Amino acid sequence: GYRKGGYHAARPGDRFAGGRFVAQRKLGWGNFSTVWLAYDTLHSRFVALKIQKSARDYAHAALHEIELLSAVAQGDPTNSKCVVRLLDHFKHVGPNGQHVCLITEFLGDSLLRLIRYNRNKGIGLRRVKEICRSLLVGLDYLHRELGIIHTDLKPENILLVSTINPAKDPVRSGFTPILDRPVGNQYGGTVISFSEKMLKMRARLAVAKISQRRVSLGGVAAEFEKERNLDGISLKCKIVDFGNACWADQQLAGEIQTRQYRAPEVIIGSGYSYSADMWSFACIAFELATGCSEDEDHLALMMETLGKMPRKISSSGTRSKDYFDRHGDLKRIRRLKFWPLDCVLVERYNFTESDAQGFADFLLPILDFTPENRPSAAQCLKHPWLN
Ligand code: ATP
Ligand code: MG
Ligand code: MG
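Residues numbered from 1 in each chain as written. Chains lettered and ligands numbered in written order. Predicted model: local features only at pLDDT ≥ 70, side-chain atom pairs only at ≥ 80, totals over all residues.

What follows covers the overall build of the protein chain. Tallying secondary structure elements over the protein chain gives 14 helices and 10 strands in all. Taking contacts inside the protein chain between residues at least 6 apart in sequence as the whole, the part at least 24 apart equals 63%. (Helix = DSSP H or I, 4+ residues; strand = E, 2+ residues; numbered from the N terminus. Contact = placed C-beta atoms within 7 Å.)

Listed below in structure tokens is the structure:
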């Protein structure tokens, strides 16, 4: 990513837009950009700085995002429609090329993070309802008033409204902006005067401090983790990432959305509209309420076809406890419907009994839950099914 046409490598203390915005720390990234917390020296506030990759297609996508977000901001002067607010945009020239940059309001953790912090519980229906209300206000605004389809609704593109405002409440957030670029030893050999040395140390300290506070700054979910209690935390959220969004009457892409949130009409290519966003919305609400992830679904499907995973395997991972209880059963998904592979082939895919039996004999040893038991490619080549 960090090469010509790709991401811009920013560092804390870097200045943008003629010095107005100072990079603080990285908040996240996507396929198109890196997103930084930045300090706006003109208005003394923290903002989010999205630095797009520099290649032409990316620049084009960013300009498109600016066009849509400008319309969003224009139609919502009080900033109450649950969509991220665009504050400014400009170009930044760096070693990898020219990067379109967007300045938006600074928001908190994504719903993806919220779901992860709440693995065992789901977040409770009362809170699901609150989040649903915010999302529907946002979608109603985009769909009915603006004619925009988001096309990529998913938990990582929905951010909680940060309850900690580091600009207004630096004590609680434990954060003061870095304004100096940490002076590295990049000019090797140069004699540094005493005051420069001091400056360098102070800047280094600031960087160290910030990296320790990676999560807590604006981290609504992180705060929750600490307190094990979501009461008192506003569950307002906002829709972000308009890089793939479109005007309903100017659709460009045939294939939209991320797999797990993709509507059936998109899969079969029969055209789509605002209702494709509604499909994704329902998927997100389900995920929030059940706490159940695609990974867990995937494990359940494996076990329905291949039988229960041996305890030795299911308990051996660093994330085992996220998915399995101490009996080796899935924590959230109950009552698996066991349906062996040869039966699936006959009943669902219309194989003859003997074709199904032969093919299942070939595949099942390879689909062993215990990695060491799986035959190698060389061993598979000798299987009677192939010969
Ligand atoms: P994608 O690959 O999904 O298209 P992208 O490159 O377009 O991603 P965004 O989705 O806009 O980038 O942002 C990437 C991440 O940065 C988000 O998932 C979020 O974690 C963080 N982020 C984006 N905007 C903000 C903001 N306003 N406040 C705080 N964090 C943000
Ligand atoms: Mg994104
Ligand atoms: Mg995007």
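Right, let's talk about the UniProt feature "binding site: ATP" (unreviewed entry) in the protein chain for a bit. The UniProt record annotates "binding site: ATP" (unreviewed entry) at K50. Sequence-distant contacts of K50, that is, excluding residues within four places in its chain, are made with S33, V35, C101, L102 and T104. (UniProt positions renumbered as here; feature names shortened; annotations may be inferred.)

Another point: the sheet that holds strand β2 (residues 21–29). Taken in spatial order, the six strands make up an open sheet running β1-β2-β3-β4-β6-β5, and their pairing is antiparallel. The open sheet has two free edges, formed respectively by β1 (15–16) and β5 (86–94), since each of these has just one partner strand. Where β5 and strand β6 (residues 97–105) come together, eight bridges link them in antiparallel fashion. The residue of β6 that forms the bridge with F90 is C101. (Pairing = 2+ DSSP bridges.)

Tracing the backbone shows L69 in helix α1 (residues 56–74). In sequence terms L69 and G254 are 185 residues apart; their C-alpha atoms lie 22 Å from each other. Not counting residues within four places of it along the chain, the set of residues in contact with L69 comprises L86 and F242.

In this structure, T151 is a non-glycine residue whose phi angle is positive, near 70°. Tracing the backbone through its elements, the reader meets T151 in the loop between β7 (148–149) and β8 (158–160). Note on T151: 24 C-beta atoms within 10 Å, which makes it buried. Backbone geometry places Q257, a non-glycine residue, at a positive phi of 75°. Tracing the chain through its elements places Q257 in the loop between β10 (246–247) and α7 (264–267). (Buried ≥ 20, exposed ≤ 12 C-beta atoms within 10 Å, placed from the backbone.)

Close to ligand 1 lie 22 residues; G28, G30, N31, F32 and A48 are nearest. Those elements that provide at least two residues to the shell around ligand 1 are β2, β3 (33–40), β4 (45–52) and β6. In terms of residue count, β2 provides more of the shell around ligand 1 than any other element does, three residues in total. The residue inventory of the shell around ligand 1, partitioned by class, reads 10 nonpolar, eight polar and four charged. (Near = placed C-beta within 6 Å. Nonpolar A, V, L, I, M, F, W, Y, C, P; charged D, E, K, R; others polar.)

Another point: the pairing of β6. Both β4 and β6 contribute to a ladder of five bridges, which runs antiparallel. The partner of V47 across the bridge, within β6, is E105. Remark: two residues form the turn of the hairpin made by β5 and β6, two consecutive strands paired antiparallel.

This brings us to the pairing of β4. Looking along a regular strand, one sees the side chains alternate between the two faces of the sheet. The buried fraction of β4 amounts to seven of the eight residues, a majority that puts the element mostly inside the structure. Pairing analysis gives eight bridges linking β3 to β4, with the strands arranged antiparallel. Residue pairing across strands places A38 opposite V47, the latter belonging to β4. Between β3 and β4, which pair antiparallel and follow one another directly, the connecting turn spans four residues, one of which, S44, has a positive phi of 45°.

The next subject is helix α8 (residues 274–290). Its 17 residues place the ends of α8 25 Å apart at the C-alpha level, agreeing with the 24 Å of an ideal helix rising 1.5 Å per residue. Within the sequence span of α8, burial applies to A276, D277, S280, F281, C283, I284, E287 and L288. Along α8, the residues classed as buried sweep out an arc of 165° about the axis, all on the same side. Across from the buried face of α8, at angles greater than 90 degrees, the exposed residues are S275, A282 and F286. (Expected span 1.5 Å × (residues − 1). Arc of directions from axis to C-beta.)

Here we take up the packing of helix α3 (residues 125–146) against α8. Direction vectors running N to C along α3 and α8 enclose 165°, while the axes themselves pass 10 Å from each other. By the angle between their directions, the pair α3 and α8 is classed as roughly antiparallel. Of the two elements, α3 crosses α8, and the hand of that crossing is right-handed. From α3, L125, V128, I131, C132, L135, L139 and H143 reach across to α8, where they touch Y274, D277, F281, A285, L288 and A289. Tallied by class, residues from the contact of α3 with α8 come to 11 nonpolar, one polar and one charged. (Axes fitted to C-alpha atoms, helices over the stretch in contact; angles between N-to-C directions. Parallel < 35°, antiparallel > 145°, perpendicular 65-115°, else oblique. Left-handed = near helix turned anticlockwise from the far one by under 90°.)

Taking 1.5 Å as the rise per residue, α3 with 22 residues should run 32 Å; its terminal C-alpha atoms sit 30 Å apart, in good agreement. Within the span of α3, buried status applies to I131, S134, L135, G138, L139 and L142. Viewed along the axis of α3, the buried residues span an arc of 125°, placing them on a single side of the element. The outward face of α3, more than 90 degrees from its buried face, is lined by the exposed residues L125, R126 and R144. As for α3, its buried residues are in contact with β7, β8, β9 (237–239) and α8. One or two residues past the end of α3 sits G147, with phi positive at roughly 75°.

What follows is about the confidence of the model for the protein chain. The pLDDT averaged across the protein chain works out to 86; a share of 82% of its residues lies at or above 70. Per-element averaging of pLDDT across the protein chain places helix α6 (residues 220–227) at the bottom with 49 and β7 at the top with 98. Below pLDDT 50 for its whole length, residues 185–194 participates in one contact with residues either more than four positions away or in separate chains. The complex model carries a pTM of 0.82, and its ipTM stands at 0.98. (pLDDT = per-residue confidence, 0-100.)

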